[in-house]
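# Structure assessment
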Amino acid sequence: MLRAGIVGLPNVGKSTLFNALVANAKAQAANFPFCTIEPNVGVVAVPDERLDVLAKISSSEQIVPTRFEFVDIAGLVKGASQGEGLGNQFLSHIREVDAIVHVVRCFENDDIIHVSGSVDPARDIEVINLELALADLSQVDRRIDRTRKQARTNKEAKIELDALEKLSAALNEGKAARQVSFTEEEAAAISAFGLLTQKPIIYAANVSEDDLATGNQWVENVRQIAAQDNAQVVIVSAQVESELVDLPPEDREDFLQSLGVAEGGLKSLIRATYELLGLRTFLTTGPKETRAWTIRAGMLAPQAAGAIHSDFERGFIRAETVAYKDLVASGNMVAAKEKGLVRSEGKDYVVQEGDVMLFRFNV
């Protein structure tokens, strides 16, 4: 299961957001730095309205959404790359996730202490990104020292050295590793390093409930910074989401409408993070269950079958496939087949987002 790590300075709303994400998480949310020491992990269901529609068509007994993990990582501070604030421990937690959700404080509240004394998203982002870059730079420079001698006689080491020198130059200029262009061979040479600034990132602008519908100037500042990194920004209110968790489902829609939004920011954040991880969903449906399955973008039909069971991949024959929209428009699978919308796809078929699939295989 892929993991997204929630990072940021202390007291920006990370743990409150995490608690709302997983609803039953046990992360402590308190008004002091480092209230989260060990990373809390929660499994989150990806919102997908298509499942309800397919379940009605198939009269399914149950619905099973796809899921991935969020990890609540303790707040970083200036100097974390040098060990400040248990920085080395926290940075190692970030190294273990597949993507970063950077929570940025975009709200004013005198009752919640900011570690720097004021709200300034640009400064906060710079602090976090600088610490991640410094940690990467230290790792890269150490590796350069080890690789330089080998590169004189070893072709693979020379390729790695070229990539490392590109990284060192970029990091010294304040760029992230994900902003550096590599050849295919160079990318492969550094793929196992787990560089912090190479991980894809999304910014979660944490606002007060009054700004959830429209954002504010702080959010615009975050968007300007994110644009330079080709990163996405999602507006979310940890305060609102924590209140939604305690409301009965029937009252949540009215509460959100009173704030001028159709849904809370968490659903948008979950979807955006899912896409950031390079994930895609295919669907299966029948009387027993309608289910969403997670695969990597670009996976072939046999690999998708293997997501259900390894036997399906080993004995793969074909996949009866119909696009979700075509199935819904037809009303049911029988009608979709009569219209010629259900295709028989072989081993070379690249599974598309929203494909509804039935696999044929040899036992």
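Rules and cut-offs
Residues numbered from 1 in each chain as written. Predicted model: local features only at pLDDT ≥ 70, side-chain atom pairs only at ≥ 80, totals over all residues. Heavy atoms only, no water. Buried < 20%, exposed > 50% of the residue type's maximum accessible area, 1.4 Å probe, protein only. Helix = DSSP H or I, 4+ residues; strand = E, 2+ residues; numbered from the N terminus. Arc of directions from axis to C-beta. Pairing = 2+ DSSP bridges. Core = buried A, V, L, I, M, F, W, Y, C linked by side-chain atoms within 4.5 Å. Contact = heavy atoms within 4.5 Å.

## Things to note about helix H2 (residues 49–58)
Within the span of H2, buried status applies to Arg-50, Leu-51, Leu-54, Ala-55 and Ser-58. Along the long axis of H2, the arc covered by the buried residues comes to 135°, so they all point the same way. Two residues or fewer past H2, Ser-59 is found with a positive phi of approximately 55°.

## Some points on the pairing of strand E6 (residues 201–206)
Across the 6 residues that make up E6, a large majority, 6, are buried. Sheet analysis places strand E5 (residues 99–105) next to E6, joined by 6 bridges and oriented parallel. Note that in E6 the partner of His-102 across the bridge is Tyr-203. The pairing of E6 with strand E7 (residues 232–236) spans 5 bridges and is parallel.

## A word on unusual backbone geometry
Located in the positive-phi region is Asn-11, a residue other than glycine, with phi close to 65°. Using a relative accessible area of 11% as the deciding quantity, one classes Asn-11 as buried. Backbone geometry at Asn-230 places phi at a positive 50°, although glycine is not the residue there. Structurally, the position occupied by Asn-230 is in the loop between helix H7 (217–228) and E7. The class for Asn-230 is exposed, based on a relative accessible area of 77%.

## Some thoughts on the nonpolar core
Across soluble globular proteins, you tend to see nonpolar side chains buried next to one another. In terms of nonpolar packing, the biggest core is built from 61 residues, with Leu-21, Phe-68, Phe-70, Ile-94, Val-101, Tyr-203 and Leu-269 touching the most fellow members. Non-local contacts of Phe-70, meaning those with residues more than four positions away in its chain, are made with Ala-4, Ile-6, Phe-18, Leu-21, Asn-40, Val-41, Gly-42, Val-44, Val-101, Ile-270 and Thr-273. Within the second largest apolar cluster, 17 residues are counted, among which are Leu-167, Val-180, Ile-190 and Leu-195.

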